[in-house]
Amino acid sequence: MLNDALSTRSQVVIVGGGIAGAWLAYRLAQREVRTVLIADDDRAQPLSRAAAGLIMQDAIHCTDRTAPSVFADSSTTQDPRYQARMIERARAEFDALARIVPYGPVGDFVCPLGPTPGIRLGAGDDVVRQVLARFEEHGGTRLRGRATDFVVTGGTCLGVRYEHEGQPGKVLAADVVLASGGFTGLFEDGLGSGTGYLLGTYARRGGCLANLELFNRFALGDLDHRRPLYPFVLEGAHLLRSGEPATELAGDSNDLDVFTRYWIDNLDVPHTVELANGATARLGPVKGFSMGGIASASEPSNIHATGEAEYGMSLDSVAGKPFLSFLARGAELAETLARRATGVSTEDFDAGPPAPPPDNALPAAIQRRIATLQDNRFSVERAHTFLQWCARERVQHFADTESVDLLILAEAYTRAVLARRESRGFFYRPDFPTIDPELDNQITHCRYDTDEDTVHVSLSPVGAAKV
Ligand SMILES: Cc1cc2nc3c(=O)[nH]c(=O)nc-3n(C[C@H](O)[C@H](O)[C@H](O)COP(=O)(O)OP(=O)(O)OC[C@H]3O[C@@H](n4cnc5c(N)ncnc54)[C@H](O)[C@@H]3O)c2cc1C
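Throughout, a residue's number is its position along its own chain's written sequence, starting from 1. Where local features are concerned, this predicted model is filtered to residues with pLDDT of at least 70; where side-chain atom pairs are given and counted, the filter is 80 or more; whole-chain, interface and lining totals use all residues. Each side-chain value is derived from all of the structure's non-hydrogen atoms; neither hydrogens nor water enter the calculation.

As for helix α10 (residues 362-371)
Just so we agree on the cut-off: Relative accessible area decides the class of each residue, using a 1.4 Å probe on protein chains only: under 20% of the type maximum gives buried, over 50% gives exposed, and in between gives partly exposed. Starting at the N terminus, helices and strands are each numbered in turn, a helix being any DSSP run of H or I of at least four residues and a strand any DSSP run of E of at least two. The contact criterion used throughout is that any non-hydrogen atoms of two residues lie within 4.5 Å.
Taken as a whole, α10 has its buried residues at Leu362, Ala365, Ile366, Gln367, Ile370 and Ala371. Those residues of α10 hidden inside the fold are in contact with α11 (380-396) and α12 (401-419).

The following block contains the structure:
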């Protein structure tokens, strides 16, 4: 891990060291593409490291015939290229991963083999570490730091500004990739600490965000510790609704069934879980996976995305699919970037002054407000009050770009919620509680308007040109 030189040139710079960034970096380094990976794991813990690293066997072996059911998506907003990508690459990428990290079968899945048999939360940590080690063996460079800005001139990104221990740094690159994860950390009932503010930075620099309002939720979550409650954690546990057994939560229907059949009508009723070890916590659905992010083929054209930071993987069930999807996407992107002949621009830029420390209280303030837009408390008026608050806060935080970018993301999310006047999949609006068939196959696109300091949202068919 290097940080000696705070100014670096590289063919590709990747922001994010979870499974998505690590796999792309490894595949690029194998192709001898000069690559720097920069990650801020001290502050934004990669979700990949907390994960079990499970992969669904049917997804590895998917074919033209099976892919539509394996990757089913009742939200109807999946990227049309997603299934073809999985059919073409899932098997080969899994085999390549399994040569680095041994995997073994467990039921319908395969999981990383560890000291003890079976599923282990945290096994994703070993997977990511070993892939990153291979990346470095192939000559790749890792930097510790927090990306703070993209320098864009004339529609091209010249590179990334970042800071490390208060010192500003820069990486000049021909291609920039965001693998900075999702933004579930922006929600009170979201998993992980990643607020996704870099998506706001990307929007501030002219990029387009898609599908932000859609999330996958785990049906059973511990709201106090913001973690999913998997079946093996719930062995011997009691699920209670207002102190009485929550019998309707028994059974093994999928997360979406439980959300639409049960939680939508019970979100404001207190639920608790009593675990076999005596611990208790508030029980409810938790948001575990951002379906939206950077829109496909957006501008600036040399900023790309992979992993949860990218729109494109809308799925009703994520069990055992995100890791594999990001392997396939990483391979595809590595191939594309290796073919690009563009060199690093000779135009330089300064690393900028030290970034002011971000306002650590802001994410919690946003979380509290957004929570009232995600259940029966939602109203259009409340959403507009929040948008006005975001604009006021941006003025107050004008020198602190991380806070500004977080507020842009929060506004983009809220405007996407306002634009989708229906309930669909895990997305719920009490004023429009059913699906609107006219919105089938429609995704939201958000663009930040610098002059007006506001975000514009449009709905357009999946695969169509953006606003
Ligand atoms: C508890 C749990 C269990 C799961 N289990 C599985 C499973 O078994 N199988 C499966 O397929 N999926 C699983 N998932 C889903 C999967 O873990 C995630 O979808 C996936 O890890 C996301 O990977 P990523 O690389 O996109 O993002 P992350 O792993 O979140 O990585 C993001 C990276 O970006 C960095 N970063 C962010 N902002 C900046 C910045 N400004 N500057 C520098 N660096 C930055 C972070 O530090 C981090 O390194 C699970 C999820 C959860 C929550």
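Right, picking up where we left off after that structure.
Focus on unusual backbone geometry
The phi angle at Asn211 is positive, at roughly 65 degrees, despite the residue not being glycine. Within the secondary structure layout, Asn211 lies in the loop between β10 (208-210) and β11 (215-222). What makes Asn211 buried here is its relative accessible area of 0%. Unusually for a residue other than glycine, Arg226 sits at a positive phi of about 50 degrees. By secondary structure assignment, the location of Arg226 is in the loop between β11 and β12 (227-228).

Overview of the side chain of Gln442
For Gln442, the location among the structural elements is in strand β19 (residues 442-449). Accessibility expressed as a relative area gives 16% for Gln442, which makes it buried. Beyond its immediate chain neighbours, meaning those up to four positions away, Gln442 contacts Thr77, Arg420, Leu459, Ser460 and Pro461.

Here we look at the sheet that holds strand β5 (residues 109-112)
The pairing of strands in a sheet happens through backbone hydrogen bonds and is either parallel or antiparallel. The following threshold applies: Criterion used throughout: strands pair if DSSP finds at least two bridges between them.
Spatial ordering of the open sheet is given by β3-β5-β4, a layout of three strands whose pairing is antiparallel. Two strands bound the open sheet, and with one partner strand each, they are β3 (55-56) and β4 (103-106). Where β3 meets β5, two bridges bridge the pair, whose relative direction is antiparallel. Note on β5: the bridge partner recorded for Ile55 is Val110.

Some thoughts on the packing of aromatic side chains
Which entries qualify depends on this criterion: Here a Phe, Tyr or Trp ring, Trp counted by its six-membered ring, pairs with any other such ring whose centre lies within 6.5 Å, and the pair is stacked when the planes are under 30 degrees apart, edge-to-face when over 60, and tilted otherwise.
Per the counting criterion, the structure on display carries 13 aromatic pairs. Residues Phe71 and Tyr82 carry aromatic rings whose centres are separated by 5.3 Å and whose planes lie at 75 degrees to one another, so their mutual orientation is edge-to-face. Residue Phe71 is located in the loop between α4 (67-70) and α5 (82-100), and its partner Tyr82 is located in helix α5; the two are separated by eleven residues in the primary sequence. With relative accessibility at 0%, the residue Phe71 sits in the buried group.

Considerations on the UniProt feature "domain: FAD dependent oxidoreductase" (unreviewed entry) in the protein
Applicable threshold: UniProt positions are given in the numbering used here, feature names are shortened, and annotations may be inferred rather than shown by experiment.
Following the UniProt record, the feature "domain: FAD dependent oxidoreductase" (unreviewed entry) maps to residues 12-99 here. A distance of 25 Å separates the end C-alpha atoms of residues 12-99, which is 48% helix and 12% strand.

Some points on the packing of α11 against α12
Condition: For every element, the axis is a line fit to its C-alpha atoms; helices are fit only across the contacting stretch, and the angle between N-to-C directions ranges from 0 to 180 degrees. To sort the angles, those under 35 degrees are grouped as roughly parallel, those over 145 as roughly antiparallel, those from 65 to 115 as roughly perpendicular, and the leftovers as oblique. For any helix crossing, the convention is left-handed if the near helix is rotated counterclockwise from the far helix by under a right angle, and right-handed if that rotation is clockwise.
Taken N-terminus to C-terminus, the directions of α11 and α12 make an angle of 160 degrees; their axes are 9 Å apart at the nearest point. By the angle between their directions, the pair α11 and α12 is classed as roughly antiparallel. The two elements α11 and α12 meet at a crossing, and its hand is left-handed. Contact with α11, carried on its side by Val380, Ala383, His384, Phe386, Leu387, Trp389, Cys390, Glu393 and Arg394, involves Val404, Leu407, Ile408, Ala410, Glu411, Thr414, Arg415 and Leu418 of α12 and no other residues of that element.

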